[in-house]
Amino acid sequence: MKKSTSIIINIALFAVVVVLAIMVIRSIQAPIKFGNEQKSREKEVVQRLMDIRDAEIQYKQANHQYTANFDSLIQFCQVAEIPVVKIVPDPTDTTFTRTINDTIRMISVMDSLFGQAKRPGFNINDLRNVPFSNPTQEFEIEAGSITRSGNIQVPVFEVRTPYEVYLNGMDQQRITNAKAEKESINRYAGLKVGSMEEASTDGNWEKL
């Protein structure tokens, strides 16, 4: 009887040890799994932000300002054309130091930025949408100008999305912790490109 009781106790202790070991392993793996999933999602969000930045830069070159309207930006990409320029020596320059820009042909913004050869399967209508958002949400977008020295007006834009949008469905406590960590050092808790406070087209992932 005592032997059977001892066996039962040993089995119970072994089961407790196994459960505790599993809990420890999960507690170690959880932040690693969260971090890996965050990096995977942010890779796609960053790519979308870079696409928006490229489109905004072309829009500004054509219109001398950025736009805060995705409909306008997408339509511009669909219909606008930009010149393909070749830099050649100035034939009137005997010092062979000056060059001139020779426009070879015109190419659509869509083909230039998102042609099938570069981005197979790219859908321009998805430009506004934040990857992994559920339900689908659009990026927050602003555009305007700031005053620089000499009272010069400089066009600026900013496109952003917070952690809660593209990390939705993941561990809420870890999202809250990540947000608090960024806010404690006065950083944006999410991903963004451009700035409404300075003439910059950098993404905040490029400033880490």
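Just above, that's the structure.
In this report, the structure presented in the accompanying data block is examined. (Residues numbered from 1 in each chain as written. Predicted model: local features only at pLDDT ≥ 70, side-chain atom pairs only at ≥ 80, totals over all residues. Heavy atoms only, no water.)

### A word on the overall build of the protein
Okay, step 1: Per the secondary structure count, the protein includes five helices and five strands.
Okay, step 2: Of all 208 residues assigned to the protein, the portion counted as buried reaches 34%.
Okay, step 3: In the protein, the share of contacts with a sequence separation of at least 24, taken over all contacts with a separation of at least 6, comes to 57%.
Okay, step 4: For the protein, the exposed surface amounts to about 13600 Å²; the carbon and sulfur share of it is 53%. (Helix = DSSP H or I, 4+ residues; strand = E, 2+ residues; numbered from the N terminus. Buried < 20%, exposed > 50% of the residue type's maximum accessible area, 1.4 Å probe, protein only. Contact = heavy atoms within 4.5 Å. Areas by Shrake-Rupley, 256 points an atom, 1.4 Å probe, with all protein chains shown as cover.)

### Describing the nonpolar core
Okay, step 1: Ranked by size, the top nonpolar core spans 39 residues in total, and within it Leu49, Cys77, Ile124, Leu127, Phe139 and Val159 carry the most contacts.
Okay, step 2: Contributing elements (two or more residues each) for this core: helix 1 (2-63), helix 2 (70-79), helix 3 (109-114), strand 4 (152-162), helix 4 (163-166), helix 5 (172-184) and strand 5 (190-194).
Okay, step 3: Contacts of Leu49, omitting those with residues within four sequence positions, involve Phe139, Val159, Leu191, Lys192, Val193 and Trp205. (Core = buried A, V, L, I, M, F, W, Y, C linked by side-chain atoms within 4.5 Å.)

### Comments concerning the pairing of strand 3 (residues 140-148)
Okay, step 1: Pairing of strand 3 with strand 4 involves nine bridges; the strand directions are antiparallel. Bridge assignment links Ala143 to a residue of strand 4, and that residue is Phe157. (Pairing = 2+ DSSP bridges.)

### Description of the packing of aromatic side chains
Okay, step 1: Counted by the stated rule, this structure contains four aromatic pairs.
Okay, step 2: Ring centres of Tyr163 and Tyr166 lie 6.1 Å apart, and the angle between their planes is 65°; on these two criteria the pair is classed as edge-to-face. Linking Tyr163 with Tyr166, this pair stays in helix 4, spanning three residues, or about one helical turn. Here Tyr163 matches Tyr166 in class, with each residue buried. (Phe/Tyr/Trp six-rings, centres within 6.5 Å; stacked < 30°, edge-to-face > 60°.)

### Digging into the sheet that holds strand 3
Okay, step 1: Strand order in this open sheet of three strands is 3-4-5, and the pairing throughout is antiparallel. The open sheet has two edge strands with one neighbour each: strand 3 and strand 5. Pairs of neighbouring strands in the sheet enclose a mean axial angle of 25°, with direction left out of account. (Axes fitted to C-alpha atoms, helices over the stretch in contact; angles between N-to-C directions.)

### Re the environment of Ser108
Okay, step 1: With respect to the helices and strands, the residue Ser108 is situated in strand 2 (residues 99-108).
Okay, step 2: Remark: the alpha-carbon pair of Ser108 and Pro83, spanning 25 residues in sequence, is separated by 8.6 Å.
Okay, step 3: For Ser108, the contacting residues outside a window of four places in its chain are Ala80 and Glu81.
Okay, step 4: In terms of polar contacts, Ser108 uses its side chain to reach the backbone amide nitrogen of Asp111, at 3.1 Å. (Polar contact = N/O pair within 3.5 Å; in protein donor to acceptor, adjacent residues only side chain to side chain.)

### Topic: the environment of Thr67
Okay, step 1: Tracing the chain through its elements places Thr67 in the loop between helix 1 and helix 2.
Okay, step 2: With 75 residues separating them in the primary sequence, Thr67 and Glu142 have C-alpha atoms 7.5 Å apart.
Okay, step 3: Those residues in contact with Thr67, other than ones at most four positions away along the chain, are Glu56, Tyr59, Ser72, Leu73, Ile141 and Ala143.
Okay, step 4: Only 3.1 Å separates the side chain of Thr67 from the backbone nitrogen of Asn69, close enough to count as a polar contact.

### Some details on the pattern of salt bridges
Working definition: two side chains of opposite charge can pair if their charged atoms are close together.
Okay, step 1: Applying the stated criterion across every chain, the model contains eleven salt bridges.
Okay, step 2: In this structure, the salt-bridge partner of Arg119 is Asp51, at a minimum N-O distance of 2.7 Å. Of the two residues, Arg119 is situated in the loop between helix 3 and strand 3 and Asp51 in helix 1; the sequence distance between them amounts to 68 residues.
Okay, step 3: Look at Arg119 and you get partly exposed, because its relative accessible area is 23%.
Okay, step 4: On the basis of relative accessibility, which here comes to 2%, the residue Asp51 falls in the buried class.
Okay, step 5: Here Lys192 and Glu158 are joined by a salt bridge, their closest N and O atoms 3.9 Å apart. Here the residue Lys192 occupies a position in strand 5, and Glu158 occupies one in strand 4, the gap between them amounting to 34 residues. (Salt bridge = Lys/Arg side-chain N within 4 Å of Asp/Glu carboxyl O.)

None of this, on its own, says anything about what the molecule does.
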